[in-house]
There are 2 protein chains.
Amino acid sequence: MRAYQELSKAELLSLKEELEKAYEEEKGKGLKLDMSRGKPSVAQLDMVMDIFNVLNSDSDMTSTEGVDVRNYGVLDGLIEAKHMMADIMGISADHVIIYGNASLNIMYDAVSSAMTHGVMGCTPWCKLDQVKFLCPVPGYDRHFSITQHFGIEMIPVPMTPQGPDMDMVEQLVAEDESIKGIWCVPKYSNPQGYTYSDETVRRFANLKPAAKDFRIFWDNAYAVHHLYDEEEHQDKVLEILSECEKAGNPDMVYEFASTSKVSFSGAGVAAIASSKGNLDCIRKTLTIQTIGYDKINQLRHVRYFKNFDGIKAHMRKHAALMRPKFEAVLNSLQRELAGTGIGEWTNPNGGYFISFESMEGCAKAIVAKCKEAGVTLTGAGATYPYGRDPRDSNIRIAPTYPTPEELAQATDLFVLCVKLVSVEKLLAQMG
Amino acid sequence: MRAYQELSKAELLSLKEELEKAYEEEKGKGLKLDMSRGKPSVAQLDMVMDIFNVLNSDSDMTSTEGVDVRNYGVLDGLIEAKHMMADIMGISADHVIIYGNASLNIMYDAVSSAMTHGVMGCTPWCKLDQVKFLCPVPGYDRHFSITQHFGIEMIPVPMTPQGPDMDMVEQLVAEDESIKGIWCVPKYSNPQGYTYSDETVRRFANLKPAAKDFRIFWDNAYAVHHLYDEEEHQDKVLEILSECEKAGNPDMVYEFASTSKVSFSGAGVAAIASSKGNLDCIRKTLTIQTIGYDKINQLRHVRYFKNFDGIKAHMRKHAALMRPKFEAVLNSLQRELAGTGIGEWTNPNGGYFISFESMEGCAKAIVAKCKEAGVTLTGAGATYPYGRDPRDSNIRIAPTYPTPEELAQATDLFVLCVKLVSVEKLLAQMG
């Protein structure tokens with residue numbers, strides 16, 4: 001296929017006419033699809049329905065440690081739930097505290113508590129003139145929303161297929177004491193599906209931050225969310241807690257994980273993992289904040305999945321559903337856009353997203369055009385702090401929720417919008 | 001029975017010897033009872049086990065508004081869950097936001113968010129030199145722990161059988177802009193079981209606080225927790241939201257409620273109720289804080305209890321279990337201590353506690369003596385801010401968890417310890 005940039009004005013005009021006609025046809029179809037968030041599909045959720053049979057009116061409601069899970073008690077989670085979440089993160093259970101139904105809330109609480117009470121004895125962030133976070137971009141909009149909510153200044157750091165630009169990270173944290181954290185999705189990153197290389201993880205573990213209370217917010221959201229069963233197509237990420245320990249930085253990481261995209265979104269089990277020092281500090285706050293989280297749901301999850309093999313087997317079933325969806329999108333992008341010079345995209349082995357880079361200055365227009373024809377994508381800019389994508393080029397594609405048929409329609413429309421907006425852009429540049 | 005204060009030294013000495021012998025016998029029994037918290041009994045929890053049968057692998061997981069409760073979406077709760085919690089509080093569902101598994105966490109979040117972001121546009125409390133809360137005493141230790149955690153200065157306000165001393169409340173909030181809140185348990189108060197009179201509620205609604213961001217933290221924890229079925233033995237509390245509206249103070253109250261002591265402690269459904277102004281402000285934070293709370297558990301509760309009649313019928317079964325326990329304690333106190341001048345106690349129509357007042361300076365010693373013989377009570381002082389009971393006289397009795405047999409043993413021991421410590425005190429006063 002010829003690059004659009006090489007087309008003459010006449011060719012572009014004729015192409016534009018053709019694309020506009022096709023777009024009007026698409027609009028006529030009355031599509032109504034929401035691809036704005038990384039949502040599990042109905043078929044994925046249906047797969048977990050047996051979880052409601054593991055507890056019934058005759059069930060023994062006692063945990064392995066003899067706790068009646070229906071009553072008060074146990075602040076930081078059932079030991080069997082800690083093991084479950086520890087296995088997902090590849091660590092030992094004593095590094096884990098179980099929280100409520102979603103990890104986003106843990107991250108929010110971690111930042112909130114750092115604001116009001118500080119981190120492990122350091123000055124509360126709300127008492128400081130300036131607090132900054134590093135934000136690998138493009139990244140996860142809900143991370144950025146938390147730091148923005150607390151008035152924390154966000155500094156974008158470019159992502160590479162190996163992870164954030166570590167030269168920049170190392171330099172910034174070493175020289176600026178007001179940098180207190182960095183948002184990371186180390187495995188199958190949101191939105192690119194990149195996985196941090198071993199070198200990146202080791203460089204993280206060996207950071208020499210000026211701030212004693214600098215913390216890596218390690219959102220391991222897609223730890224077991226592979227798209228392929230073959231080991232060679234499954235990304236692996238070095239275990240960060242032990243790397244930090246080895247590097248003499250045991251307290252530098254908060255790791256987060258949940259079963260939101262394993263069991264149910266919003267009704268799963270979430271956890272934080274960290275050093276004893278951090279966990280003790282967190283537990284002190286938890287004693288005030290809660291009488292403990294939902295132990296019944298913890299027990300339900302453990303009895304359903306049984307062990308890590310159970311989770312892995314379950315995730316292979318998810319993969320079987322999701323693989324064709326990702327492939328449908330990727331095939332269509334490849335077929336329609338390869339060589340056109342108007343778009344690039346990632347090709348992830350797992351996670352929930354594909355990241356698309358349009359020509360500069362086209363993302364907002366593409367998303368708007370899709371919306372006009374009935375397909376809602378994540379808002380352009382959302383993958384950047386403050387919603388500001390300086391190149392206006394990144395679009396997050398979330399292929400998980402629609403059915404394969406819907407996805408084919410949606411991708412056809414997307415590709416069409418990319419072409420149309422790009423042609424318009426090129427024509428505008430010609431003047 | 002003669003008042004102990006009228007006994008001669010010789011009589012007291014002989015009584016002391018007798019009581020000490022009895023105490024040694026009690027110690028020999030090897031009791032091991034924890035009455036420190038207001039915990040539902042195993043029998044109460046067993047009554048709810050059918051809740052695990054309402055959802056199974058074939059269940060329709062769609063809410064009345066057509067939401068798949070297993071997926072993301074619905075920030076502030078299912079409408080049917082709002083109705084359930086609204087009925088418990090005697091208000092309309094549009095005043096309600098559903099949260100997670102316990103109301104304590106909502107109160108914590110409300111204070112935390114006021115610290116970092118302020119209340120409805122007012123200055124964040126963390127930016128103020130001083131923030132104070134009024135604390136009716138004796139009161140609930142976990143309330144006081146939250147305000148203490150955030151460095152909020154706590155001012156004790158004496159409780160009366162009609163509620164807090166409203167002369168004092170009115171005067172303090174009117175003259176001191178740094179007073180930002182008051183902790184209230186309006187119905188079957190913790191620990192006395194008092195219910196605020198209509199006049200008290202109206203005086204609350206008509207407060208003229210100097211601080212625009214003054215909020216009444218109205219913890220309606222025992223809204224449906226009667227001990228008696230007869231209407232005339234059920235306390236009623238005026239509905240505060242509408243009283244505040246009538247008084248032109250619509251935004252002055254945060255009300256909290258949960259099913260922690262209806263269904264399961266730590267696995268129930270919790271809610272906040274307030275004005276549209278407050279709820280809009282809370283929702284803005286919630287959008288950042290969470291992807292939404294556990295809608296499956298909300299659905300499970302609604303389908304199990306069906307409606308408010310279902311909840312009331314369920315609570316009558318609780319009452320049937322709890323009444324004999326409260327009566328066992330009260331009868332024993334009456335039989336052993338009436339007329340002795342060494343103790344007074346409340347006689348509640350509901351809630352989870354009985355409040356006991358020993359002679360001044362005896363509470364700590366009584367609790368210690370009970371503990372030494374195997375019965376753990378709530379720590380003396382816990383019912384006061386900073387754990388400081390200035391008279392060292394208040395003890396919270398939590399009769400709900402033990403079996404009736406255990407309770408009889410525990411109360412025998414308690415009464416014995418009250419007598420023994422009082423005799424020792426009187427002898428010490430004689431010199």
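Above this text sits the structure in question.
Computed from a predicted model, the values in this text were never measured in an experiment.

J.: What am I meant to see in empty space enclosed by the protein here?
T.: It is a probe the size of a water molecule, rolled over the atoms, that shows where empty space is left. A complete count under the given rule lists 10 cavities of 30 Å³ or more for this structure. In this structure, the largest cavity spans a volume of roughly 330 Å³. What lines the largest cavity is a set of 25 residues, among which A:G100, A:N101, A:Y293, B:G100 and B:N101 lie closest to the centre. The set of elements that each furnish at least two residues to the lining of the largest cavity consists of α4 (103-117) and α10 (295-305) of chain A together with α4 (103-117) and α10 (295-305) of chain B. Of the residues that constitute the lining of the largest cavity, the class distribution is 9 nonpolar, 12 polar and 4 charged.

J.: Even after reading the chapter, I still don't get the packing of aromatic side chains, so can you show me in this structure?
T.: We describe a pair of aromatic rings using the distance from one ring centre to the other and the angle between the two ring planes. Within the structure shown, the criterion is met by 34 aromatic pairs over all chains. A centroid spacing of 5.9 Å and a plane angle of 25° characterise the contact between A:Y222 and A:Y352, whose relative ring orientation is stacked. In this pair, A:Y222 is assigned in the loop between β7 (215-219) and α8 (240-246) and A:Y352 in the loop between β10 (343-345) and β11 (354-358), connecting sequence segments 130 residues apart. Here the aromatic rings of B:Y304 and B:F305 are separated by 4.8 Å at their centres, their planes lie at 70°, and the arrangement is edge-to-face. Per residue, the accessibility class of B:Y304 equals that of B:F305, and both read buried.

J.: Honestly, the side chain of B:S274 in this entry has me stumped. Any pointers?
T.: All names here are of chain B. Following the sequence through the fold, S274 ends up in the loop between β9 (270-273) and α9 (276-289). For S274, a relative accessible area of 0% puts it in the buried group. For S274, the side chain forms a polar contact with the side chain of N278, separated by 2.9 Å. In contact with S274, not counting residues within four places along its chain, are H95, L241, V253, Y254 and L279.

J.: Explain the relation of the copies chain A and chain B here, please?
T.: Related by rotation about an axis and a shift along that axis, the two copies of the chain form a pair. With an axial shift of 0.0 Å and an RMSD of 0.0 Å, the rotation relating chain A to chain B amounts to 180°. The symmetry that links the two subunits is that of a two-fold axis. Comparing contact sets, 100% of the residues at the interface of chain A also lie at the interface in chain B, consistent with an isologous, same-surface contact.

J.: What's the story with the interface of chain A and chain B in this structure? I'm lost.
T.: One widely used convention gives an interface's size as the accessible area the parts lose upon coming together. In this complex, chain A contributes 56 residues to the contact, which on the side of chain B involves 56 residues. Taking both sides of the interface into account, the surface hidden between chain A and chain B amounts to around 4800 Å²; carbon and sulfur atoms contribute 56%. A per-residue breakdown of the area chain A buries against chain B is headed by A:R70, A:Y72 and A:I288, which together make up 16% of the total. Inspection of the region where chain A meets chain B yields 2 salt bridges. A:D46 serves as the salt-bridge partner of B:R70, at 2.8 Å between the closest nitrogen and oxygen. Considering each element in turn, the side of chain A that touches chain B owes the most residues, 8 residues, to α4(A). Split by residue class, the side of chain A that touches chain B holds 22 nonpolar, 22 polar and 12 charged.

J.: Hey, could you run me through the pattern of salt bridges in this one?
T.: Working definition: two side chains of opposite charge can pair if their charged atoms are close together. Throughout the structure, instances matching the rule amount to 52 salt bridges over all chains. Across the pair A:E170 and A:R203 runs a salt bridge whose closest N-O atoms are separated by 2.7 Å. Residue A:E170 is found in helix α6 (residues 166-175), and its partner A:R203 is found in helix α7 (residues 198-205); the two are separated by 33 residues along the sequence. Across the pair B:R391 and B:E360 runs a salt bridge whose closest N-O atoms are separated by 3.5 Å. Taken together, the residues span a long stretch of sequence, with B:R391 in the loop between β12 (375-377) and β13 (394-397) and B:E360 in the loop between β11 (354-358) and α12 (363-372) at a distance of 31 residues.

Scoring rules and cut-offs
- Residues numbered from 1 in each chain as written.
- Chains lettered and ligands numbered in written order.
- Predicted model: local features only at pLDDT ≥ 70, side-chain atom pairs only at ≥ 80, totals over all residues.
- Heavy atoms only, no water.
- 1 Å grid on protein atoms, 1.4 Å probe; cavity = no way out; pocket = protein on both sides within 12 Å on 5 of 7 lines; lining within 4 Å.
- Points joined across faces, edges and corners; volume = space filled by probe spheres on them.
- Helix = DSSP H or I, 4+ residues; strand = E, 2+ residues; numbered from the N terminus.
- Nonpolar A, V, L, I, M, F, W, Y, C, P; charged D, E, K, R; others polar.
- Phe/Tyr/Trp six-rings, centres within 6.5 Å; stacked < 30°, edge-to-face > 60°.
- Buried < 20%, exposed > 50% of the residue type's maximum accessible area, 1.4 Å probe, protein only.
- Polar contact = N/O pair within 3.5 Å; in protein donor to acceptor, adjacent residues only side chain to side chain.
- Contact = heavy atoms within 4.5 Å.
- Least-squares fit on C-alpha atoms with pLDDT ≥ 70 in both.
- Buried area = accessible area lost by both parts, 1.4 Å probe.
- Salt bridge = Lys/Arg side-chain N within 4 Å of Asp/Glu carboxyl O.

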